[in-house]
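Chains, contacts and geometry: an overview
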Amino acid sequence: MVEIKTDAALEAMREAGRVVARALAAARDAAGIGVSLRELDEAARAVLTEAGARSPFLGYQPSFAPTPFPAVVCVSVNDAVVHGIPGDYRLRDGDLVSVDCGAELDGWTGDAAVSFIVGTPRPADLELVKATGEALDAGIAAATAGNRIGDISHAIGAVAEAARCGMPRDFGGHGIGRRMHEDPHVPNRGRPGRGFPLRHGLVLAIEPMLMAGGSDLYHADADGWTLRTTDGSRAAHIEHTVAITDEGPRVLTLP
């Protein structure tokens, strides 16, 4: 069931979105050569605690996962696309890092992700992160009242195709509100003019995931969570929570 939010709910979600933005900034600021992924989680966790927010990631266990998720952020490095568990791995020069974070505040949720490079970047990684950000921007630009989900999906896919990047076939964005994952699903590929209609008060997490190589993933790690590229190519993941309004798309997870 798709829930259309009131204007008061959008304001409440904006507050949750601000917490997410601060948590992601703290994790990114903590990142550096020799820093463990666990320390990035600790930095984000401190922000959530200070804000009085709950993590929708911590303890989350969908049907595919053998155990509940043990952290407040997903940290995916290099060929890990999404769902990386922040453990004892220490960042190295040139690592490509994606951090995904959510926050629930006063019953409303925000969700966003950033990708960045630690130390000396590879030119190809810079291009991958740039293309992923452009895909997100295109998806947000298409998130206007009167359009449909397929217009967002098509806009994202067109950028990925132009950049010759792969994208996971079965992953994409989602509705968001009182829960982190709500209807409708927002594919990162699609046909314009198709799918659920966009109207004022609909809130979506839009999240392109681009891969430098093919589109195939596998659960590589024993944790049962981390998804890696089958061909070992690097990946980037950037996300915002976006409200559809009659005045245009409103990004709720900006700082």
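In this report, the structure presented in the accompanying data block is examined. One numbering rule holds for all chains: residues counted from 1, following each sequence as written. At least 70 in pLDDT is required for a residue's local features to be given in this predicted model, at least 80 for side-chain atom pairs to be given and counted, and no such filter applies to totals for whole chains, interfaces and linings, which use all residues. The side-chain numbers reported here are obtained from all heavy atoms of the structure, hydrogens and water having been left aside.

A short note on the pattern of salt bridges
Proximity of charged atoms lets side chains of opposite charge pair with each other. When a carboxyl oxygen of Asp or Glu lies within 4 Å of a side-chain nitrogen of Lys or Arg, that pair is called a salt bridge. Counted by the stated rule, this structure contains 13 salt bridges. Residue Glu182 pairs with Lys5 through a salt bridge whose shortest N-O separation is 2.9 Å. Taken together, the positions of Glu182 in strand β6 (residues 182–187) and Lys5 in the segment before α1 (7–30) put the pair 177 residues apart, joining distant regions of the chain. Lys5 matches Glu182 in its accessibility class, with the two residues each being buried. One salt bridge in this structure joins Arg18 and Glu15, with 2.5 Å as the shortest N-O distance. One end of the pair is Arg18 and the other is Glu15, both in helix α1 and three residues apart, which spans about a single turn. On the basis of relative accessibility, which here comes to 38%, the residue Glu15 falls in the partly exposed class. Helix and strand assignments come from DSSP, with helices taken as H or I runs of at least 4 residues and strands as E runs of at least 2, each series counted from the N terminus. Burial classification: accessible surface area is computed with a 1.4 Å probe over protein chains only, and a residue below 20% of its type maximum counts as buried, one above 50% as exposed, and the rest as partly exposed.

As for the nonpolar core
With 29 residues, the main nonpolar core has Ile152, Leu198, Leu204, Ile206 and Leu210 as its most contacted residues. Breaking this core down by element, the ones donating at least two residues are α3 (123–141), α4 (149–162) and β7 (203–206). By the convention used here, residues are in contact when the closest approach between their heavy atoms is within 4.5 Å. What Leu204 contacts, discounting residues up to four positions off in sequence, is Ile149, Ile152, His174, Gly175, Ile176, Pro184, Val186, Leu198, His240, Thr241, Val242 and Ile244. Here, the term nonpolar core denotes a set of buried Ala, Val, Leu, Ile, Met, Phe, Trp, Tyr and Cys residues that are joined through side-chain atoms within 4.5 Å. Counting 27 residues, the second largest nonpolar core, distinct from the first, contains Ala23, Leu37, Ala44 and Val118.

Topic: the state of the cysteines
Disulfides are defined as pairs of cysteine sulfur atoms found within 2.5 Å of each other. For the structure shown, the criterion picks out zero disulfides. A disulfide-free cysteine, Cys74 has its sulfur positioned 9.1 Å from the sulfur of Cys101, the nearest such atom. On the basis of relative accessibility, which here comes to 7%, the residue Cys74 falls in the buried class.

Without other data, these values stay purely geometric and don't point to any function.
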